[in-house]
Amino acid sequence: MSVLPLVFTSGWASGVNAYAVVLLLGFFGATGVSDEVPETLQRPEVLIPAGVLFLCETVADKIPYVDSVWDSVHTVIRPAAGAWVGALLAGQSGSLSDLTAGAIGGSTALASHAVKAGTRMAVNSSPEPFSNVILSLAEDLGVGGIVTFAMFHPEAAAVIAGVLLVAGLVALYFLVSRIRRFLRRRAQRREERRLAARTNPPDG
């Protein structure tokens, strides 16, 4: 069986929460749920840092503006994780070249990361914090559910991930104005801090 559906699904999920993907795949491999998971993802030196960073992301992802800063930092990390996981899965299966799997996993992760980061910018244009928490919980549950589902029904999970990705990109198109508003506010805050620092220089 081709590992392509699992590579695509893990790529989509990595763009949303890469650390959760590593933890889930490592757990499924270590417990014998799936033979598709390479041993690299099951090693303690991989799972422990992923667990710590997952906890950090769980907190940061629910705080307005902090979530966008976190997303900015992960613009490279999430696609790289998607490519890395995809290449490992392909190497374990042997049904797809590592290079092709890495390209699919990385590009899919980049696209889903763009949806996640852009959506958070749009949400942060509103002052209330509750939408951030709700959206973050939905993303966590979605990643966990789809990656788990992919262990048993990879093709169906890939279809769901594809639908969510397309829907997210369409939604992102309609959220452009709110994203611009968020960027303007952030630039305005930076300018205000810069002017305040110039007006009130530190003593000494």
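Preceding block: the structure.
The shown structure was predicted, so the numbers you read here are calculated from the model rather than taken from an experiment.

A separate point is the pattern of salt bridges. Tallied over the full model, the rule gives 8 salt bridges. With a shortest N-O distance of 3.0 Å, Asp61 and Lys116 are connected by a salt bridge. Note that Asp61 is positioned in the loop between α2 (44-60) and α3 (66-93) and Lys116 in helix α4 (residues 98-124), a separation of 55 residues in sequence. Judged on exposure class, the residue Asp61 and its partner Lys116 are both buried. Across the salt bridge formed by Lys116 and Glu139, the nearest N and O atoms sit 2.7 Å from each other. Here Lys116 is found in helix α4, whereas its partner Glu139 is found in helix α5 (residues 130-152), with 23 residues between them in sequence. Each of the two residues, Lys116 as well as Glu139, counts as buried. Look at the salt bridges and you will find they share partners, linking Asp61, Asp67, Lys116, Arg120 and Glu139 into a network.

Over its 23 residues, α5 runs 34 Å from end to end, which matches the ideal 33 Å to within 8%, given 1.5 Å per residue. Listed as buried for α5 are Asn132, Ser136, Glu139, Val143, Ile146, Val147, Ala150 and Met151. Residues of α5 that are buried make contact with α1 (4-30), α3, α4 and α6 (154-174).

Below, the discussion takes up the nonpolar core. Residues Trp12, Val22, Leu25, Leu41, Val143 and Val147 are the most contacted members of the largest nonpolar core, which totals 30 residues. When contributions to this core are tallied by element, the ones reaching two or more residues are α1, α2, α3, α5 and α6. For this core, the element with the highest residue contribution is α1, accounting for 10 residues. Trp12 has contacts with Thr108, Ala109, Ser112, Gly142, Val143, Ile146, Ala161, Leu164 and Leu165, leaving out every residue within four places of it along the chain.

Its boundaries defined by the atoms lining it, the largest pocket holds a volume of some 350 Å³. The wall of the largest pocket is formed by 18 residues, among which Trp12, Val16, Val115, Glu139 and Leu164 lie closest to the centre. If you tally residues by element for the lining of the largest pocket, the top one is α6, at 6 residues. Residues of the lining of the largest pocket, tallied by class, amount to 12 nonpolar, 4 polar and 2 charged.

Relative to each other, α1 and α4 sit at 35°, their axes nearing to 6 Å. Seen from above, α1 lies across α4 with right-handed handedness. Residues Leu4, Val7, Phe8, Gly11, Trp12, Ser14, Gly15 and Val16 of α1 lie in contact with α4, whose contacting residues are Ala101, Ile104, Gly105, Thr108, Ala109, Ser112, His113 and Lys116.

On the surface, a cluster of positive charge is contributed by Arg178, Arg180, Arg181, Arg184, Arg185, Arg189 and Arg193. A residue is classified by how much of its surface remains accessible, and Arg178, at 31% relative accessible area, is partly exposed.

Here we take up α1. In this model α1 runs just 21 Å from its N-terminal to its C-terminal C-alpha over 27 residues, more than 12% under the 39 Å that 1.5 Å per residue would give. Gly32 lies just past α1 and shows a positive phi near 80°.

Turning to unusual backbone geometry, a few remarks are in order. The phi torsion at Tyr65 lies on the positive side, around 75°, for a residue other than glycine. Along the chain, Tyr65 turns up in the loop between α2 and α3. Residue class for Tyr65 comes out partly exposed when judged on its relative accessible area of 24%.

What follows is about the environment of Val33. You can see Val33 is positioned in the loop between α1 and α2. Sequence separation between Val33 and Met151 is 118 residues, and the spatial gap between their C-alpha atoms is 7.7 Å.

The contact between α1 and α5 brings their axes to 9 Å, and the two run at 80°. Relative to α5, the element α1 is oriented roughly perpendicular. Across from Leu6, Thr9, Trp12, Ala13, Val16, Asn17, Ala20, Val21, Leu24, Leu25 and Phe28 in α1, the residues of α5 making contact are Glu139, Asp140, Gly142, Val143, Gly144, Ile146, Val147, Thr148, Ala150 and Met151. For the contact of α1 with α5, the per-class residue count stands at 14 nonpolar, 5 polar and 2 charged.

What counts and what doesn't
- Residues numbered from 1 in each chain as written.
- Predicted model: local features only at pLDDT ≥ 70, side-chain atom pairs only at ≥ 80, totals over all residues.
- Heavy atoms only, no water.
- Salt bridge = Lys/Arg side-chain N within 4 Å of Asp/Glu carboxyl O.
- Helix = DSSP H or I, 4+ residues; strand = E, 2+ residues; numbered from the N terminus.
- Buried < 20%, exposed > 50% of the residue type's maximum accessible area, 1.4 Å probe, protein only.
- Expected span 1.5 Å × (residues − 1).
- Contact = heavy atoms within 4.5 Å.
- Core = buried A, V, L, I, M, F, W, Y, C linked by side-chain atoms within 4.5 Å.
- 1 Å grid on protein atoms, 1.4 Å probe; cavity = no way out; pocket = protein on both sides within 12 Å on 5 of 7 lines; lining within 4 Å.
- Points joined across faces, edges and corners; volume = space filled by probe spheres on them.
- Nonpolar A, V, L, I, M, F, W, Y, C, P; charged D, E, K, R; others polar.
- Axes fitted to C-alpha atoms, helices over the stretch in contact; angles between N-to-C directions.
- Left-handed = near helix turned anticlockwise from the far one by under 90°.
- Patch = residues over 30% accessible without salt bridge, like charges linked within 9 Å, V, L, I, M, F, W, Y side chains within 5 Å.
- Areas by Shrake-Rupley, 256 points an atom, 1.4 Å probe, with all protein chains shown as cover.
- Lys, Arg positive; Asp, Glu negative; His and termini not counted.
- Charge placed at Lys NZ, Arg CZ, Asp CG, Glu CD.
- Parallel < 35°, antiparallel > 145°, perpendicular 65-115°, else oblique.

Functional significance is not addressed by these values, which are geometric in nature.
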